[in-house]
Amino acid sequence: MAQPIRAFLALVHVLGAIWWFGGMMFAYFCLRPAAAESLDPPERLTLWTAAFDRFLRYTSIAVVLLVFSGFTLLVETGWRNAPTGWLVMTGLGLLMTLVYGQVYLVLFPRLRDQSRLSAWPAAAIELNKIRRFVGINLLLAAGAVVAAVMARH
């Protein structure tokens, strides 16, 4: 593979990771506490439903680009020639993708449906499940970043 293509794929990979990881960091450590401090449950759940609707849609693009670029670079390099950090990053990234799929395809639709029905206690339960999954993905993402950095040194 030509070097400009490899560089482009690496750029796509890093930008996708920044989008996903940064978005989770913002949601978990900034939006969540601010919404809890300043909004009553119906408004807070309505905000989260609207925010996740946008974030998850755009993050789906980032996830697809991450998986595509990562596997393209890994296959081109060769599994046997890849640094151990890349293999660890791949495993963690696949786990993150599964967690993301659970949030996007199962938990978020439940949150959205419960919010539309103004079933606030049920919506809060779904939001709390999403919060836990985002926390898991934040830990996995941090591990993937460490693996990527360690692969460089």
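Structural notes, computed from the coordinates. These figures come from a predicted structure and were not determined experimentally.

Right, let's get into the pattern of salt bridges. Across all of its chains, the model carries four salt bridges by this definition. A salt bridge links Glu76 to Arg6, with the nearest nitrogen and oxygen atoms 2.3 Å apart. In this pair, Glu76 is assigned in helix α2 (residues 41-77) and Arg6 in helix α1 (residues 3-38), connecting sequence segments 70 residues apart. For Glu76, a relative accessible area of 32% corresponds to the partly exposed category. Of the charged contacts in the structure, one is a salt bridge between Glu126 and Lys129, with a shortest N-O distance of 3.4 Å. Taken together, the residues span about one helical turn, with Glu126 and Lys129 both in helix α4 (residues 120-152) at a distance of three residues.

A word on the side chain of Thr59. With respect to the helices and strands, Thr59 occurs in helix α2. Given a relative accessible area of 0%, Thr59 falls into the buried group. If we ignore the near neighbours within four places in the chain, the residues touching Thr59 are Trp19, Trp20 and Tyr100.

Attention now moves to the side chain of Ser69. One can find Ser69 in helix α2. Residue classification places Ser69 among the buried positions, given a relative accessible area of 0%. A distance of 2.9 Å separates polar atoms of two side chains, one belonging to Ser69 and the other to His13. Excluding residues that lie within four positions of it along the chain, Ser69 makes contacts with Leu9, Val12 and His13.

In this section: a nonpolar patch on the surface. On the surface, Phe8, Leu11, Val14, Leu15 and Ile18 cluster together into a nonpolar patch covering about 500 Å² of accessible area. Looking at where Val14 falls in the secondary structure, it is placed in helix α1.

Here is what the cut-offs are and how they apply
- Residues numbered from 1 in each chain as written.
- Predicted model: local features only at pLDDT ≥ 70, side-chain atom pairs only at ≥ 80, totals over all residues.
- Heavy atoms only, no water.
- Salt bridge = Lys/Arg side-chain N within 4 Å of Asp/Glu carboxyl O.
- Helix = DSSP H or I, 4+ residues; strand = E, 2+ residues; numbered from the N terminus.
- Buried < 20%, exposed > 50% of the residue type's maximum accessible area, 1.4 Å probe, protein only.
- Contact = heavy atoms within 4.5 Å.
- Polar contact = N/O pair within 3.5 Å; in protein donor to acceptor, adjacent residues only side chain to side chain.
- Patch = residues over 30% accessible without salt bridge, like charges linked within 9 Å, V, L, I, M, F, W, Y side chains within 5 Å.
- Areas by Shrake-Rupley, 256 points an atom, 1.4 Å probe, with all protein chains shown as cover.

That is the geometry; function is a separate question.
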